[in-house]
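Close look at the chain arrangement
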Amino acid sequence: MQSPNPSITIFHNPACGTSRNTLALIRNSGEEPRVVEYLKTPPSKETLLELLAAMKMAPRELLREKGTPYAELGLADPKWTDQQLVDVMLAHPILINRPIVATPLGTRLCRPSEEVLDILPSPQKGAFNKEDGEAVIDAEGRRVKPAA
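It should be emphasised that the depicted structure is a prediction, and the values quoted were computed from it without experimental measurement.

Here we look at the pairing of strand β4 (residues 106-109)
Burial along β4 is one-sided: Thr107 and Leu109 are buried, while Gly106 and Arg108, pointing the other way, are not. Pairing of strand β3 (residues 100-103) with β4, which is carried by four bridges, proceeds in the antiparallel orientation. Bridge pairing in β4 places Thr103 opposite Gly106. Between the antiparallel neighbours β3 and β4 lie two residues.

See the structure below:
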């Protein structure tokens, strides 16, 4: 395996299929990103704020509801300020939606995983299918258009 490219970082949850597909698409471009398993190593407040700014996203837009304490914490209530939501995400990293990928071409929440294709500096090297079998990249490394 090649050494990690420090200019590409993925905030990754290996238990998440979208995150695994995104990581595989990065690797399919010939790059080995810096992988941050953010549930084990949560971002600092400064890093989370930088990611939000780079994505031009409000903290509420990055909140994950499914499989998190979102409901029990009452985070749907509009009373929460952006600062409070950031603090809650830092206290409960599972609330941070994933995967977030940062490259020299931009930073994105890659849901769906194909979002990463727009910010990868290198083209895809070959065919790629998602874990569910959906074709994303053809044998020539070109994006497959979804069936209408």
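Brief notes about helix α2 (residues 45-55)
Every buried residue of α2 is accounted for by Leu48, Leu51, Leu52 and Met55. Projected down its long axis, α2 shows its buried positions confined to an angular sector of 100°, all on one face. Exposed side chains of α2 directed beyond 90 degrees from the buried face belong to Glu46 and Ala53. Directly beyond the C-terminal end of α2, a positive phi value near 55° is found at Lys56.

A short note on the environment of Pro93
Assignment of secondary structure puts Pro93 in the loop between α4 (82-91) and β3. Judged by its relative accessible area of 12%, Pro93 falls in the buried class. With 14 residues separating them in the primary sequence, Pro93 and Lys79 have C-alpha atoms 20 Å apart. Leave out the neighbours within four places in its chain, and Pro93 touches Tyr38, Leu39 and Pro42.

Observations concerning the pattern of salt bridges
Opposite charge on two side chains makes pairing possible when the charged atoms of those side chains draw close. In total, this model carries 11 salt bridges according to the counting rule given. Put simply, Asp87 and Lys45 hold a salt bridge, and the shortest N to O gap is 3.0 Å. Taken as a pair, Asp87 in helix α4 and Lys45 in helix α2 lie far apart in primary sequence, 42 residues in all. Judged by its relative accessible area of 35%, Asp87 falls in the partly exposed class.

Digging into the pairing of strand β1 (residues 5-12)
The buried count for β1 comes to six of eight residues, which makes it a mostly enclosed element. Here five bridges tie β1 to strand β2 (residues 33-37), and the two strands are oriented parallel to one another. Residue pairing in the sheet places Asn5 in a bridge with Pro33 of β2. Since β1 and β2 lie parallel, the crossover through helix α1 (residues 17-28) that links them has a hand, and here it is right-handed.

Topic: the sheet that holds β1
On the basis of which strands lie adjacent, the open sheet formed by four strands has the order β2-β1-β3-β4 and mixed pairing. Only two strands of the sheet have a single neighbouring strand rather than two, namely β2 and β4. Sheet twist, expressed as the mean angle between neighbouring strand axes with direction ignored, is 15°. The strands touched by α1 within the sheet are β1, β2 and β3, with β1 carrying the most contacts at an inclination of about 165°.

As for α1
Spacing of three or four residues puts side chains on the same side of an α-helix, whose turn is 3.6 residues. Taking 1.5 Å of rise per residue, the 12 residues of α1 would be expected to cover 16 Å, and the 16 Å separating its terminal C-alpha atoms lies within 8% of that figure. Looking only at α1, the buried set comprises Ser19, Asn21, Thr22, Leu23, Leu25, Ile26 and Asn28. Of the surrounding elements, those touching the buried residues of α1 are β1, β2, β3, β5 (128-129) and β6 (135-137). Positioned one or two residues after α1, Gly30 has a phi angle of 90°, which is positive.

Here's the deal with the environment of Thr9
Looking at the secondary structure, you find Thr9 in strand β1. With relative accessibility at 8%, the residue Thr9 sits in the buried group. If we ignore the near neighbours within four places in the chain, the residues touching Thr9 are Arg34, Val36, Ile100, Val101 and Ala102. Separated by 3.3 Å, the side chains of Thr9 and Arg34 make a polar contact.

Cut-offs applied
- Residues numbered from 1 in each chain as written.
- Predicted model: local features only at pLDDT ≥ 70, side-chain atom pairs only at ≥ 80, totals over all residues.
- Heavy atoms only, no water.
- Buried < 20%, exposed > 50% of the residue type's maximum accessible area, 1.4 Å probe, protein only.
- Helix = DSSP H or I, 4+ residues; strand = E, 2+ residues; numbered from the N terminus.
- Pairing = 2+ DSSP bridges.
- Arc of directions from axis to C-beta.
- Contact = heavy atoms within 4.5 Å.
- Salt bridge = Lys/Arg side-chain N within 4 Å of Asp/Glu carboxyl O.
- Right-handed = clockwise from strand over helix to strand, strands pointing away.
- Axes fitted to C-alpha atoms, helices over the stretch in contact; angles between N-to-C directions.
- Expected span 1.5 Å × (residues − 1).
- Polar contact = N/O pair within 3.5 Å; in protein donor to acceptor, adjacent residues only side chain to side chain.

Scope: geometric values only; no functional claims are made or implied.
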